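# Coordinate inspection notes
Residues per chain, in single letters:
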Amino acid sequence: MKKIKTLLLAILASMAIISCENTEKHLDEPFSTVSIAGNYVGTLSALGYSDEPQRAYVTLTRKSSDVVSFEVSCEKFDIETDSYNLIVTESSGVITLNSESGYTISGSISNDILSVTFQMDYDTFLFTGKKD
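## Digging into the overall build of the protein chain
Assigned secondary structure in the protein chain consists of 1 helix and 9 strands. Counting across all 132 residues of the protein chain, residues that qualify as buried make up 26%. At a minimum sequence separation of 6, the contacts of the protein chain that also span at least 24 residues come to 36%. Of the roughly 9,100 Å² that the protein chain leaves accessible, carbon and sulfur atoms contribute 53%.

## Re the pairing of strand S3 (residues 67-74)
The buried fraction of S3 is high, at 6 of 8 residues. As paired strands, strand S2 (residues 54-64) and S3 are joined by 7 bridges and run antiparallel to one another. In the sheet register, Thr59 faces S3, and the bridge partner there is Glu71. Joining the antiparallel neighbours S2 and S3 is a turn of 2 residues. For S3 and strand S5 (residues 84-91), the ladder comprises 4 bridges, and the chain directions are antiparallel. In the strand pairing of S5, Phe70 is matched with Tyr84. Sheet topology note: the S3/strand S4 (residues 79-80) ladder contains 2 bridges and is antiparallel. For Ser73, the partnering residue across the bridge sits in S4 and is Glu80. Taking the residues that link successive antiparallel strands as the turn, the S3-S4 hairpin has 4 residues, and the phi of Asp78 there is positive, at about 55 degrees.

Parameters and conventions
Residues numbered from 1 in each chain as written. Predicted model: local features only at pLDDT ≥ 70, side-chain atom pairs only at ≥ 80, totals over all residues. Heavy atoms only, no water. Helix = DSSP H or I, 4+ residues; strand = E, 2+ residues; numbered from the N terminus. Buried < 20%, exposed > 50% of the residue type's maximum accessible area, 1.4 Å probe, protein only. Contact = heavy atoms within 4.5 Å. Areas by Shrake-Rupley, 256 points an atom, 1.4 Å probe, with all protein chains shown as cover. Pairing = 2+ DSSP bridges.

So, in structure tokens, the structure goes:
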């Protein structure tokens, strides 16, 4: 009976150690694109013009642990972009997005607000919005 109690105690102790290791490992994991993937709703402004900002939508889709695809849609500006890959980095709580292939697209996510600047033809646009 004493051996069974000792065996059960050893099993419980090893389970506690394993569960603590998993928790600590999870807390130390680097930033993941899973947390920013989704649909964002906000406004789109044409920089350098006096037009009112228009309602727009951005979709970020996870491609890998450090890349998301980026798409913008705005009916008023007649914008429906193709999908562009953005490299995601994180530093001090600010997530930075930069074009993987040299397109003029850059942005950041801070305090759950996505800000992205991109160029289409000769116009530069700024999207600012929150995850829906």
